[in-house]
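Residues per chain, in single letters:
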Amino acid sequence: MDYQFDSCSCLTLAKRYGTPLYVISERMVRDRLSQLHAAVHKRTPKGFALYAAKALLTVEMCHIVADEGVGLDVVSGGELYTAYRAGFPMKHVYFHGNNKSKEELELAVQYGVGRIVVDNTDELELLCAITDSNAAPVDILFRITPGVDSHTHEYISTGQIDSKFGIPLVSDSLERAVTRAISSAHVNPVGFHFHVGSQLFTNESHRKATAILFDVIQRIRDHNGFVPDELDLGGGYGVWYTNDDAPQSLEYFVDALWADVDRYSKKLSIATPRIIIEPGRWVVAEAGVTLYTVGSVKEIPGVRTYVAVDGGMTDNPRPALYNANYSALIADRPDDPAKTLVTVAGKCCESGDILIHDIHLQNPKPGDTMVVLSTGAYNFSMASNYNRLPRPALVMTNNGRHRLSVRRETYEDLVAREVVDAQRVGDLRC
Ligand code: LLP
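Residues numbered from 1 in each chain as written. Predicted model: local features only at pLDDT ≥ 70, side-chain atom pairs only at ≥ 80, totals over all residues. Heavy atoms only, no water.

Visitor: Honestly, the overall build of the protein chain in this entry has me stumped. Any pointers?
Guide: For the protein chain, the count of helices and strands is twelve helices and 20 strands. Across its three principal axes, the protein chain shows a C-alpha extent of roughly 70 × 60 × 40 Å. Looking at the protein chain as a whole, 54% of its 430 residues are labelled buried. In the structure as shown, the protein chain presents an accessible area of about 19100 Å², 50% of it carried by carbon and sulfur atoms. Averaging the coordinates of the 43 positive side-chain charges in the protein chain and doing the same for the 53 negative ones gives two points 2 Å apart. (Helix = DSSP H or I, 4+ residues; strand = E, 2+ residues; numbered from the N terminus. Buried < 20%, exposed > 50% of the residue type's maximum accessible area, 1.4 Å probe, protein only. Areas by Shrake-Rupley, 256 points an atom, 1.4 Å probe, with all protein chains shown as cover. Lys, Arg positive; Asp, Glu negative; His and termini not counted. Charge placed at Lys NZ, Arg CZ, Asp CG, Glu CD.)

Visitor: Explanation requested: the environment of E251 in the structure shown.
Guide: Structurally, the position occupied by E251 is in helix α9 (residues 250-268). Measuring from C-alpha to C-alpha, the distance between E251 and L36 comes to 9.5 Å, with 215 residues separating the pair along the chain.

Visitor: So what exactly am I meant to see when it comes to unusual backbone geometry here?
Guide: The phi torsion of most residues other than glycine is negative, and most of the peptide bonds are trans. Look at the link from T19 to P20: it is a cis peptide, with omega at -10°. As for its position among the elements, P20 is in the loop between α1 (10-17) and β3 (21-25). Of note, the bond from T44 into P45 is cis; its omega dihedral lies within 30 degrees of zero at -5°. Topologically, P45 is positioned in the loop between α2 (26-41) and β4 (48-52). A positive phi angle, near 60°, is found at Q199, a position not held by glycine. Within the secondary structure layout, Q199 lies in the loop between β10 (187-193) and α8 (204-224). The phi dihedral of R388 falls on the positive side, at around 55°, and the residue is not glycine. Structurally, R388 can be placed in the loop between β18 (369-373) and β19 (393-398).

Visitor: In this structure, what is going on with the packing of aromatic side chains? I would like to understand it.
Guide: The description of an aromatic ring pair rests on the distance of the ring centres and on the angle between the ring planes. On inspection of all chains with the given rule, the structure shows nine aromatic pairs. With 6.1 Å between their ring centres and 35° between their planes, F142 and F192 make a pair best called tilted. Taken together, the positions of F142 in strand β8 (residues 138-145) and F192 in strand β10 put the pair 50 residues apart, joining distant regions of the chain. For the pair F142 and F192, one class covers both residues: buried. Pairing Y237 with F253 gives two aromatic rings, centres 4.5 Å apart and planes at 20°, and the pair type is stacked. Of this pair, Y237 sits in the loop between β11 (230-232) and α9 while F253 sits in helix α9; the two residues are 16 residues apart in sequence, bridging distant segments of the chain. Exposure class is identical for Y237 and F253. Each is buried. Taken together, the ring pairs in this structure connect Y81, Y84 and Y111 into an aromatic cluster. Note that R32 overlies the ring of W282, its terminal NZ or CZ placed 4.5 Å from the centroid. One residue, K100, lies across the ring of F95, its end atom 5.7 Å from the ring centre. (Phe/Tyr/Trp six-rings, centres within 6.5 Å; stacked < 30°, edge-to-face > 60°. Lys NZ or Arg CZ within 6 Å of the ring centre and 35° of its normal.)

In structure tokens:
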């Protein structure tokens, strides 16, 4: 039998919708979201879970996330607008980002988002000015830079001291920022946030950052009496891409964080703040696969065999950007022994456009459908039109059923935003 994903034949999907094709299992996404929801609601204090939209966002994803009782972490006007267009309950939207523009902040205030996560003191001033001018109240968290080095790729590590994200703790900027917010008429400080990094397999960095955060809470309380009602401890839980990855359970992260927050709060004699978590990758990565059609199989004797597929770094830039590893199989004969050592190449004009180095596959041949696994996170959302490749369609499956969720880009889409002199068309020399 050919390879089935969420009880759907991958050969049927490839034939019906074309390739490259993103396939996301709604069933698996809902399952992860409901686990998240349950994890934060069954604990004391009752927490709240957000889904980090940057991993994969569409209007339909917003509907699914809202249905499962999970909020949304957005980082740009575009993500915010998508949530708004979807009718997402704005009070459950947290607006992150290290350089929000005035227009983006105004939009967030106008939509009435639940929290704005303030990254720096300039942003705080801008927000005070905006809220003062239209007398709109807004609840904020301060993002701190805990100075914790998480052991992941440096491009996806965010908590270390030398970071563009958050308010550094090495000066009194945070004390001053909190005091400024307390004195402002409409900006209401609610708590703090950190995010230490992504694709993490231990809770060490989260726990170190939590300990540092509580030192900060004590420092601030002694400085101006502020005590947080809410702590947003970020996301970052690792997932499976290959058998080298050993993901931990959600409970492993959540148990430790809840226990630490409770213990540290008791030590400071403060009420335990509400805890927010906001994973992205953990919700969608393993719920997605990408289907490709094999084009050429080029054997360079004594060197290697390149299997070229009809997508590449345009639909999945992660191998080129982060040396990310993936697993794959040939959908036509998944049960054959995977004995042929190959390198999977994309179709872009870049030697670095390699999706998978050195993988054993089931004797791939031109015309086969290749399935790359665990592509649900940071693939669709990071896709580009390099080499003017149209971005793939996205299909949602649900236990044997499938439907188009985002249509494939057309060549016409590629030129649609260009402002051209109509007179010149048809009048070109050479
Ligand atoms: N919260 C904040 C403030 C974040 O910056 C991020 C990710 C998350 C939550 C969600 O992290 P997750 O649970 O998905 O690990 N493009 C990279 C990942 C960049 C992550 C940036 N921030 C990749 O493809 O690996």
